[in-house]
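# Close look at the chain arrangement
Residues per chain, in single letters:
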Protein chains: 2
Amino acid sequence: MSLRHAMLGLLAAGPASGYDLLKLFEISLANVWPATQSQVYAELSRLANAGLVKAAAEGPRGRKEYAITDEGLAELRHWLTDVEPKPVRRIDMLLRVFFLDRLDPAQAHDYLERQAAEAAQDHEELLELRETVSQGEDALSVYGSLALEWGLRFTAMQREWAEWAAGQVTALGGRTFNPVPTDPRLFGSGD
Amino acid sequence: MSLRHAMLGLLAAGPASGYDLLKLFEISLANVWPATQSQVYAELSRLANAGLVKAAAEGPRGRKEYAITDEGLAELRHWLTDVEPKPVRRIDMLLRVFFLDRLDPAQAHDYLERQAAEAAQDHEELLELRETVSQGEDALSVYGSLALEWGLRFTAMQREWAEWAAGQVTALGGRTFNPVPTDPRLFGSGD
DNA sequence: GTTCGACATGTCAGTATTGGAATGTCTGAA
DNA sequence: TTCAGACATTCCAATACTGACATGTCGAAC
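Note that this is a predicted model, so its numbers are computed, not measured.

What follows covers the overall build of chain A. For chain A, the helix and strand inventory stands at 7 helices and 3 strands. Mapped from its N terminus to its C terminus, chain A presents α and β elements in the order α-β-α-α-β-β-α-α-α-α. Here chain A, with 191 residues, has 45% of them falling under the buried criterion. In chain A, the proportion of contacts linking residues at least 24 apart, taken out of those at least 6 apart, comes to 55%. Surface exposure of chain A reaches about 9,500 Å², of which carbon and sulfur atoms provide 51%.

Along the chain, V83(A) falls in the loop between α4 (70-82) and α5 (92-97). Its relative accessible area of 30% is what places V83(A) among the partly exposed residues. Ignoring sequence-local partners within four residues, the contact set of V83(A) consists of H78(A) and R96(B).

Turning our attention to the pattern of salt bridges. Evaluated as defined, the whole model comprises 18 salt bridges over all chains. With a shortest N-O distance of 3.3 Å, D101(A) and R102(A) are connected by a salt bridge. Across the pair R46(B) and E43(B) runs a salt bridge whose closest N-O atoms are separated by 2.5 Å. Remark: E43(B) and R46(B) occur in helix α3 (residues 37-49); sequence separation between them is 3 residues, near one turn of the helix. Take E43(B): its relative accessible area is 7%, and that puts it in the buried class. Salt bridges sharing partners connect three or more residues here, namely R4(A), E43(A) and R46(A).

On to a negative patch on the surface, then. Among the surface-exposed residues, E118(A), E124(A), E125(A), E128(A) and E131(A) lie close enough to one another that they form a single negatively charged patch. Since its relative accessible area comes to 41%, E118(A) is described here as partly exposed.

We now examine the protein's contact with DNA strand D. With respect to spatial proximity, 19 residues lie near DNA strand D, and among them Y19(A), Y41(A), K64(A), R90(A) and S38(B) are the closest. Expressed as a percentage, the sugar and phosphate content of the atoms of DNA strand D within 4 Å of the protein is 70%. Contact distances for DNA strand D include 2.6 Å between a base oxygen and a side-chain N or O atom of S38(B). Contact distances for DNA strand D include 3.1 Å between a phosphate oxygen and a side-chain N or O atom of Q39(B). If you list the elements that add at least two residues to the surface near DNA strand D, you get α2 (18-29) and α3 (37-49) of chain A together with α3 of chain B.

Let's shift gears to the interface of chain B and chain A. Contact with chain B, which involves 82 residues of that partner, is made by 82 residues of chain A. For the pairing of chain B and chain A, the buried interface totals around 8,600 Å² over both sides, and the portion due to carbon and sulfur atoms is 70%. Together, F98(B), Y143(B) and W150(B) form the three largest contributors to the area buried by chain B at its contact with chain A, with a combined 10%. Its salt-bridge partner being E84(A), residue R114(B) comes within 2.6 Å of it at the nearest N-O pair. Counting the contacts that link chain B with chain A gives 26 residue pairs in polar contact (both at pLDDT 80 or more). When residues of the side of chain B that touches chain A are traced back to their parent elements, those giving at least two are α1 (2-11), α2 (18-29), α4 (70-82), α5 (92-97), α6 (105-133) and α7 (139-172) of chain B. In terms of residue count, the dominant contributor to the side of chain B that touches chain A is α7(B) (20 residues).

Under the fitted operation, chain B is carried onto chain A by 0.0 Å of movement along the axis and a turn of 180°, and the coordinates agree to an RMSD of 0.0 Å. Both chain copies can therefore be described as sitting about a two-fold axis. A share of 99% of the interface residues of chain B reappears at the interface of chain A, consistent with the copies meeting face to face through the same patch.

Now for the environment of L76(A). For L76(A), the location among the structural elements is in helix α4. Residue classification places L76(A) among the buried positions, given a relative accessible area of 0%. For the pair L76(A) and R4(A), spaced 72 residues apart in sequence, the C-alpha separation works out to 9.3 Å. Those residues in contact with L76(A), other than ones at most four positions away along the chain, are H5(A), L8(A), G9(A), A12(A) and R102(B).

Moving on to the nonpolar core. Counting residues in hydrophobic clusters, the biggest one holds 100 residues, and the most contacted among them are L112(A), W161(A), L112(B) and W161(B). Those residues in contact with L112(B) that lie beyond four places of it in its chain are L146(A), V97(B), L100(B), W161(B), A162(B), A165(B), A166(B) and V169(B).

Across the chain, the bulk of peptide bonds are trans and the bulk of non-glycine residues have phi less than zero. The phi dihedral of R61(A) falls on the positive side, at around 55°, and the residue is not glycine. Inspection of the secondary structure puts R61(A) in the loop between β2 (53-58) and β3 (64-68).

Before going further, it helps to examine the layout of surface pockets. Within this model, the second largest pocket holds a volume of roughly 500 Å³. Taken together, 24 residues make up the lining of the second largest pocket; nearest its centre are R90(A), W33(B), P87(B), V88(B) and R89(B). Those elements giving two or more residues to the lining of the second largest pocket turn out to be α5 of chain A together with α1 of chain B. Class assignment of the residues belonging to the lining of the second largest pocket gives a composition of 11 nonpolar, 3 polar and 10 charged.

Cut-offs used in this document
Residues numbered from 1 in each chain as written. Chains lettered and ligands numbered in written order. Predicted model: local features only at pLDDT ≥ 70, side-chain atom pairs only at ≥ 80, totals over all residues. Heavy atoms only, no water. Helix = DSSP H or I, 4+ residues; strand = E, 2+ residues; numbered from the N terminus. Buried < 20%, exposed > 50% of the residue type's maximum accessible area, 1.4 Å probe, protein only. Contact = heavy atoms within 4.5 Å. Areas by Shrake-Rupley, 256 points an atom, 1.4 Å probe, with all protein chains shown as cover. Salt bridge = Lys/Arg side-chain N within 4 Å of Asp/Glu carboxyl O. Patch = residues over 30% accessible without salt bridge, like charges linked within 9 Å, V, L, I, M, F, W, Y side chains within 5 Å. Lys, Arg positive; Asp, Glu negative; His and termini not counted. Charge placed at Lys NZ, Arg CZ, Asp CG, Glu CD. Near = heavy atom within 4 Å. Polar contact = N/O pair within 3.5 Å; in protein donor to acceptor, adjacent residues only side chain to side chain. Buried area = accessible area lost by both parts, 1.4 Å probe. Least-squares fit on C-alpha atoms with pLDDT ≥ 70 in both. Core = buried A, V, L, I, M, F, W, Y, C linked by side-chain atoms within 4.5 Å. 1 Å grid on protein atoms, 1.4 Å probe; cavity = no way out; pocket = protein on both sides within 12 Å on 5 of 7 lines; lining within 4 Å. Points joined across faces, edges and corners; volume = space filled by probe spheres on them. Nonpolar A, V, L, I, M, F, W, Y, C, P; charged D, E, K, R; others polar.

Nothing here speaks to function; it is geometry throughout.
Next comes the structure, spelled out in structure tokens:
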């Protein structure tokens, strides 16, 4: 239910329409929780239905502004203090690492070097983003900069790891492996 | 379509039943791509339907073993070499950081300290896992250890970041912020 | 000889996410 | 004046994932 709480979090800073929220998602939260139009509008209805937000004003072009309710604010605080965040569970980039033995060592090495390059580029982009954003003094910018620092550290770590792993693959060379055990000796010592 | 390719990757090491695959997911891939029973059996049918695997043998208790086909092997290699992995997009732990200004500074600090502790514990668990697994000499273990090293670096990074961020929040104290801009001056210089 | 637990597969309803289509309004620039 | 582009909402079909339910078999230990 993180989308729901992300929307409550944004609305906690002031009333907004679905359209506004969508822009806020794109500008501030794109790197931690992307959301599509259909998701935002649908969830806004559910939120209103649940009494966590209420219609606050109508504007031109059918614009509908919503404001967070006391109940919504309580729910947001509850989520922040009492519910532990769900850890990231699926990492496509790492999943593939398990199957790199199906490739030539040279191809496996390339894969890891590509990941290093990708991480380096992401790192650069975050540095640029920091320049763009550092003017802002609002809360989203201040706390957002903590998140940005996480991204910087993450991409740096990923780049270093991928370089290291590429080196390991080269060191391993084209050696072959014992079969993966799937019989009654399942997951024994591998000998 | 990562589940599909994860299954092809496992079947590339030898024939297996849905039940076998489920165990392999739990033991080897739980930290990078968890899968449930219903997912595995359903995907196995689709894979067979698409000609990427074929029924290889039947055993007691209705056991059905599948083997990867040449087409399946080609698809696996194509996925590994030509399709870039999808980056992780949703990070619940970081999303919450954006809304920490809705809490007392003390509570925000606690949140970050809890994340540090969580990361430290995950790090310990991975160290234990490394001891358990290091006996294995099969390919999943060898390449899996590259993935494990990623986890070790990731949890170390996360712990350090969270400690740092907790310190930042304390340094910021209880200061207040400018409102998040949502009006015509949208996302200006924040002044 | 029974019974418990591991082996083994299949189905279902509910939720989250994606991406696109459909529709219409207002404003500013050419 | 007209017309492109931003503003603004709603609905839909397809896919992915979760957690539970249903069903049955085999082997080993008691």
